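# Secondary and tertiary structure notes
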Amino acid sequence: MSTADPDLATPLPPAPPGFFMERVLTVHHWTDRLFSFTCTRDTHFRFGAGQFAMIGLVVEGKPLVRAYSMVSPPWDEHLEFLSIKVQHGPLTSRLQHIRPGDGVLIGRKATGTLVNDNLLPGGVLWLFATGTGLAPFMSLVREPETYDRFDRIILVHTVRQQAELAYRDLLSAGLAEHELLGEMAREKLTYLPSVTREPFATNERITAMIESGSLTARFGLPPLSPERDRAMLCGSEAMNSDVRALLEARGFVEGSNNDPGSYVVEKAFVTK
Ligand code: A2P
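None of the values given here were measured: they were computed from a predicted structure.

## Observations regarding the sheet that holds strand S8 (residues 152–159)
- With parallel pairing, 5 strands are arranged side by side in an open sheet as S9-S8-S7-S10-S11. At either end of the open sheet lies a strand with only one pairing partner, and these are strand S9 (189–195) and strand S11 (263–267). Sheet twist, expressed as the average angle between the axes of neighbouring strands with direction ignored, equals 10 degrees.
- Strand direction decides the pairing type here: strand S7 (residues 124–130) and strand S10 (residues 229–235), joined by 6 bridges, are parallel.

## A short note on the environment of Gly 235
- For Gly 235, the position within the fold is in strand S10.
- Along the primary structure Gly 235 and Gly 18 are separated by 217 residues, whereas in three dimensions their C-alpha atoms are 27 Å apart.
- Contacts of Gly 235, omitting those with residues within four sequence positions, involve Thr 130, Asn 240, Glu 266, Lys 267 and Ala 268.

## Re the pattern of salt bridges
- Scanning the model with the defined rule gives 4 salt bridges in all.
- A salt bridge links Asp 117 to Arg 149; the nearest nitrogen and oxygen atoms lie 3.3 Å apart. Of this pair, Asp 117 sits in the loop between strand S6 (103–107) and S7 while Arg 149 sits in helix H3 (residues 144–149), and the two are 32 residues apart along the sequence.
- Taking relative accessible area as the criterion, Asp 117 reaches 48% and is therefore assigned partly exposed.
- Salt-bridge contacts for Arg 244 lead to Glu 254; the nearest nitrogen and oxygen are separated by 2.7 Å. With Arg 244 in helix H8 (residues 237–249) and Glu 254 in the loop between H8 and S11, this residue pair connects regions lying 10 residues apart in the sequence.

## Observations concerning the domain arrangement of the protein
- Parsing the protein into structural domains produces domain 1 (2–107) and domain 2 (116–265).
- Relative to domain 2, the C-alpha centre of domain 1 lies at a distance of 25 Å.
- Taken together, the contacts link 20 residues of domain 1 with 16 residues of domain 2.
- Buried area between domain 1 and domain 2, both sides added, is near 1,500 Å², and the carbon and sulfur share of it is 64%.
- Contact with domain 2 buries area across many residues of domain 1, yet Val 71, Trp 75 and Leu 82 alone supply 33% of it, more than any other trio.
- Seen at the junction of domain 1 and domain 2, the total is 1 salt bridge.
- Between Glu 164 and Arg 33 there is a salt bridge, with its nearest N and O atoms 2.8 Å apart.

Analysis parameters
- Residues numbered from 1 in each chain as written.
- Predicted model: local features only at pLDDT ≥ 70, side-chain atom pairs only at ≥ 80, totals over all residues.
- Heavy atoms only, no water.
- Pairing = 2+ DSSP bridges.
- Helix = DSSP H or I, 4+ residues; strand = E, 2+ residues; numbered from the N terminus.
- Axes fitted to C-alpha atoms, helices over the stretch in contact; angles between N-to-C directions.
- Contact = heavy atoms within 4.5 Å.
- Salt bridge = Lys/Arg side-chain N within 4 Å of Asp/Glu carboxyl O.
- Buried < 20%, exposed > 50% of the residue type's maximum accessible area, 1.4 Å probe, protein only.
- Domains from an automatic or database assignment.
- Buried area = accessible area lost by both parts, 1.4 Å probe.

Below, the structure written as structure tokens:
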């Protein structure tokens, strides 16, 4: 379902102030609710792994944008984004129809809390994602600095249906074979997919795994502790607040730019 060879000849309209106008290169529809796309990247667009930017389209002469985390790592020459499709959502009802060659708006400034610098270094880094909350972690697990800063990285991605396990092949096999990241990924990265509404090897929510202790026990690790563990959360508001409460009950402290801590959290933004 990927489409290549976009029409690069037709000029794109100028970008509104504050945005780059980039060209869509490929579009991949994972399910009828989920798609991703790649686009060109202006050489002036800088970001750190885990950050987001405002992304969208010009609609009726005005930018219609939402916050999207970059899926692609900072070293990649292109950009990649993962999005849900909502039938009547103002942006995603349109964005889901983009095709290679089309223009897409990328806000000039990237920001966000899910960055390595906001966490104390060392120990096990737990990346907890539900749904499209996986996006920032796709960037982080392809950023060599993440492997330098932590002893081990465990990415837990929970979705309702198996087909929603975006980037599953890359996470379960592809990264380990990557020319530059392979060795680091083989040594330090573990991927744990969980599917809650279909039969699958793991069926539990992240919250249930933390509460029962099965999350750490399955890896032969001691219970979660802010002394040894770091966490990043990205999912729905409910998931974020439930996991946050479980972590804080175990002594985890939220980190920020000037004050790194043992966990950080961000909403998987786009719901419309
Ligand atoms: P479940 O199927 O048990 O609701 P959604 O598409 O609703 O955002 O859900 C994505 C995944 O996140 C699903 O596997 C869902 O599990 C799980 N989930 C939803 N809410 C929470 C929550 N509050 N805590 C942990 N996991 C959640």
